[in-house]
2 protein chains.
Amino acid sequence: MFDNSERTNLEELGEFGLIRHLTEAISLSQPTTVKGVGDDAAVLDFSNKKTLISTDLLLEGIHFDLRYVPLKHLGYKAVQVNLSDIYAMNGMASQITFSIGLSSKFPLEAIEEIYEGALLACKHYQVDLIGGDTSSSAQGLVISVTSIGYVDENKVVYRNGAAEGNLICVSGDLGAAYVGLQLLEREKKIFLENPNIQPDLEGKDYIVERQLKPEARRDVIELLDEKEILPTSMIDISDGLASDILHICSQSKKGCKIYEDKIPIDQMTFDTAFEFGLDPTVCALSGGEDYELLFTISQNDYEKVKNLMDITVIGHITEEAAGCELISKSNKVHPLKAQGWNAFNKSE
Amino acid sequence: MFDNSERTNLEELGEFGLIRHLTEAISLSQPTTVKGVGDDAAVLDFSNKKTLISTDLLLEGIHFDLRYVPLKHLGYKAVQVNLSDIYAMNGMASQITFSIGLSSKFPLEAIEEIYEGALLACKHYQVDLIGGDTSSSAQGLVISVTSIGYVDENKVVYRNGAAEGNLICVSGDLGAAYVGLQLLEREKKIFLENPNIQPDLEGKDYIVERQLKPEARRDVIELLDEKEILPTSMIDISDGLASDILHICSQSKKGCKIYEDKIPIDQMTFDTAFEFGLDPTVCALSGGEDYELLFTISQNDYEKVKNLMDITVIGHITEEAAGCELISKSNKVHPLKAQGWNAFNKSE
């Protein structure tokens, strides 16, 4: 994915040289950052706010395939995925640490691209990169991100606060990242069989971008705040709508009804899913990696959300004994099952 | 390193099953932990303290060799190494996130052992495990730890505060972890050549333990606080005394004089270094992984440290132009050079 003609050898540079080189481009903007990179630990000041912490590990061959993920996108996505967890607590992300392990066979320019993507995400989301670790790896590429954020004590939204009668809302649209992945996998296969054929992704920008360059929904958190809506529970959709609503229901000890015809699916996702012989609803339920926000609100807040373009009400919370159900377009009732992406049985 | 007779397959358990299983053993004890594992992010409350964050990535084949590192020790050490950075800011560590990536060929019992070691370290150091990520890995074992701690605003100790005339102090003794590593490497070689020969580590407990099970110096931070000593600068010795004092000097824009005869080296380290044809002083200067604290204090504090058994004054800070020097036992002057362990040129 990178041009090998300009190679700077990592061994020449050494670990400290590399860290110096990479961290030169960092500028700090958060008032909560007292000290960033350059000491044993970073120093932060959240005074009267609660601190939020989330961490993710991204491993080559499991979470990404360098044959179709550009390195800059990878750095960008690694940050997004992790910030998304802070927003899902109704908080604002303010800092990240970003660690990379990679084989010394990679040139400096490869790490620079990953780092550039990470810093672009930081800039876009106004978070400071305050630390990290850089190491050689005996095998593949390893990225570890920890996000730090803050929230007022009375505004933290957990997964366990959904109450009977609450409306279930979702931001944006679902299933696109999964369909985008199918497209990239198909083009990879064609390319491996015949390297002269150029990938045919024309007109599919939206779904390819949803896979390669997802955007965490900071804007939704700001919108909810502006409209004075405090969700009763919230989670980000990383494993698929089904798996994630089940997390909310099990932690809240409640059931739910989701209406298939309400699930927001983009037209291109819909059409491309059909091309692949996939049910678009299944892509939305079990595809994952959408990084949209799934949350529940009191019925009293319905008037506030009903005209928000980017928020869709897709069902409601029921009592625990009623179970978790999907009501299909033909009015059939199906139990909701988590069939989301599972890092331990990818082959299934 | 683990008994293969009792194997629980990770694929059967799945990611969520595994997380549930592993996190059952977690108990929270820190008043600053509002919410630990189980939501999108952990929630912490540091009220009027500054927050400290540090992160480390540990990769199989680079930072550890599973042929002689027991998994439980590995989990323990991964936590220690990271807590050490929080103490080096003069702070108290309060939480960690702990992420593991490993091949699904490892049985559940292997992860349990790593996790058990990590939790033992948490218990020992009174920190809460509040989150993490667990994933399959296409390559080797990957561990990522982020530590979180706190400190009063006026007590943060950076690397850049050393002043001319300050005394340079070090806790404990140096070089043992490196000599311990040589011992383990030798026994590994012998074992690979003839698996019937039992490893001969008799009487070498101290230095083997310094390598396999280092202890971060929380006690030193407490001692300094009790004696009302506020260091002017501090760092933990992870890369070796030479590399780490150079960090303090370059960030403080100062020079230093270190006296070889003052460097604390344990007798067993000394004798075993000679067995290997190594200069014990070089082991202390460039061996690394001691996780002792290196700090500078005002001369006015000399009376307070001089009788502390575990603290040794090894030199003093000079003006920048004087450079960084080692005064040998035979009174020769050598420029100090960083030859510490470098993750990018291990082969040298």
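Parameters at a glance
- Residues numbered from 1 in each chain as written.
- Chains lettered and ligands numbered in written order.
- Predicted model: local features only at pLDDT ≥ 70, side-chain atom pairs only at ≥ 80, totals over all residues.
- Heavy atoms only, no water.
- Contact = heavy atoms within 4.5 Å.
- Buried area = accessible area lost by both parts, 1.4 Å probe.
- Salt bridge = Lys/Arg side-chain N within 4 Å of Asp/Glu carboxyl O.
- Polar contact = N/O pair within 3.5 Å; in protein donor to acceptor, adjacent residues only side chain to side chain.
- Helix = DSSP H or I, 4+ residues; strand = E, 2+ residues; numbered from the N terminus.
- Least-squares fit on C-alpha atoms with pLDDT ≥ 70 in both.
- Patch = residues over 30% accessible without salt bridge, like charges linked within 9 Å, V, L, I, M, F, W, Y side chains within 5 Å.
- Areas by Shrake-Rupley, 256 points an atom, 1.4 Å probe, with all protein chains shown as cover.
- Lys, Arg positive; Asp, Glu negative; His and termini not counted.
- Charge placed at Lys NZ, Arg CZ, Asp CG, Glu CD.
- Pairing = 2+ DSSP bridges.
- Axes fitted to C-alpha atoms, helices over the stretch in contact; angles between N-to-C directions.
- UniProt positions renumbered as here; feature names shortened; annotations may be inferred.
- Buried < 20%, exposed > 50% of the residue type's maximum accessible area, 1.4 Å probe, protein only.
- Domains from an automatic or database assignment.

Account for the interface of chain A and chain B, naming residues and giving values.
With 70 residues of chain A in contact, the opposing surface of chain B contributes 70 residues. At the boundary of chain A with chain B, total buried surface from both sides reaches about 5500 Å², with 57% on carbon and sulfur atoms. In this structure, the connection of chain A to chain B is made through six salt bridges. The salt bridge partner of B:D39 is A:R159, with a shortest N-O separation of 3.6 Å. Joining chain A to chain B, the criterion identifies 16 residue pairs in polar contact (both at pLDDT 80 or more). Ranked by residues supplied to the side of chain A that touches chain B, first place goes to strand β3 (residues 50-59) of chain A with nine residues.

Could you give me a rundown of the relation of the copies chain A and chain B, with the residues and numbers involved?
Between chain A and chain B, the superposition needs a rotation of 180° and an axial shift of 0.0 Å, giving an RMSD of 0.0 Å. The operation mapping one copy onto its partner corresponds to a two-fold rotation axis. When C-alpha distances to the rotation axis are compared across chain A, the minimum falls at A:S47, with a value of 2.6 Å. A share of 100% of the interface residues of chain A reappears at the interface of chain B, consistent with the copies meeting face to face through the same patch.

Go over a negative patch on the surface with me, naming the residues and quoting the values.
On the surface, a cluster of negative charge is contributed by A:D200, A:E202, A:D205 and A:E209. With respect to the helices and strands, the residue A:E202 is situated in the loop between α4 (176-193) and α5 (205-212).

Could you give an account of the sheet that holds strand β9 (residues 233-236) of chain B, naming the residues involved and the relevant values?
Residue and element names in this part refer to chain B. The seven strands are arranged β9-β11-β8-β12-β10-β13-β14 in an open sheet whose pairing can be described as mixed. Sheet topology places β9 and β14 (333-335) at the edges, where each strand pairs with a single neighbour. Each adjacent strand pair in this sheet contributes to an overall mean axis angle of 25°, direction not counted. Looking at chain direction, strand β8 (residues 167-171) and strand β12 (residues 311-319) are connected through five bridges and run antiparallel. Paired with C169 across the strands is V313, a residue of β12.

How would you sum up the UniProt feature "binding site: Mg(2+) 5" (unreviewed entry) in chain A? Please name residues and give values.
Mapped onto this numbering, the UniProt entry gives "binding site: Mg(2+) 5" (unreviewed entry) at A:D239. Along the chain, the position of A:D239 falls in the loop between β9 (233-236) and α7 (241-252).

Explain unusual backbone geometry to me, and be specific about the residues and the numbers.
We note that A:Y291 has phi near 55°; this positive angle belongs to a residue other than glycine. Looking at the element boundaries, A:Y291 is found in the loop between α9 (280-286) and β11 (293-297). By relative accessible area, A:Y291 is classed as buried at 7%. Even without being glycine, B:E228 reaches a positive phi, approximately 55°. Within the secondary structure, B:E228 is located in the loop between α6 (218-226) and β9. The class of B:E228 is exposed, set by a relative accessible area of 64%.

How would you explain the pairing of strand β10 (residues 254-259) of chain B if you had to name every residue and give the values?
Regular strands place their side chains on alternate faces of the sheet. Residue and element names in this part refer to chain B. The pairing of β10 with β12 spans five bridges and is classified as antiparallel. Among the inter-strand pairings, I258 is bridged to a residue of β12, identified as G315. The pairing of β10 with strand β13 (residues 324-327) spans four bridges and is classified as parallel. Along β13, the bridge assignment pairs I258 with L326.

How would you explain the sheet that holds β11(A) if you had to name every residue and give the values?
Residues and elements named next belong to chain A. Judged by pairing direction, the sheet is mixed, and its seven strands sit side by side in the order β9-β11-β8-β12-β10-β13-β14 without closing on themselves. Two strands close off the open sheet at either side, each with one partner strand: β9 and β14 (333-335). Each adjacent strand pair in this sheet contributes to an overall mean axis angle of 25°, direction not counted. The pairing of strand β8 (residues 167-171) with β11 spans four bridges and is antiparallel. Looking across to β11, one finds that I168 is bridged to T296. Strand contacts of helix α6 (residues 218-226): β8, β9, β11 and β12 (311-319), with the helix running at about 20° to β11, the strand carrying the most contacts.

Kindly report on the pattern of salt bridges, identifying the contributing residues and their values.
A full pass over the atoms with the stated rule returns 44 salt bridges over all chains. A:K72 is the partner of A:E116 in a salt bridge, and the nearest nitrogen-oxygen pair spans 3.3 Å. You can see A:E116 sitting in helix α3 (residues 108-125) and its partner A:K72 sitting in helix α2 (residues 71-87), a full 44 residues away along the chain. A relative accessible area of 34% places A:K72 in the partly exposed class. Note that B:E187 and B:R186 form a salt bridge whose closest N and O atoms lie 3.2 Å from each other. With a relative accessible area of 8%, B:E187 lands in the buried category. Given a relative accessible area of 31%, B:R186 falls into the partly exposed group. Connected through salt bridges with shared partners, the residues A:R210, A:R217, A:D219, A:E292 and A:D310 form a single ionic network.

I'd like to hear about the domain arrangement of chain A, residue by residue, with values.
Residue and element names in this part refer to chain A. Domain annotation of chain A identifies domain 1 (10-155) and domain 2 (167-335). On the side of domain 2, 23 residues touch domain 1, which itself brings 24 residues to the contact. With both chains or domains summed, domain 1 and domain 2 bury close to 2100 Å², and 59% of this area falls on carbon and sulfur atoms. Where domain 1 packs against domain 2, one counts three salt bridges. Close ionic contact of E289 with K77 constitutes a salt bridge, the shortest N to O distance being 2.8 Å. Linking domain 1 with domain 2 are 12 residue pairs in polar contact (both at pLDDT 80 or more).

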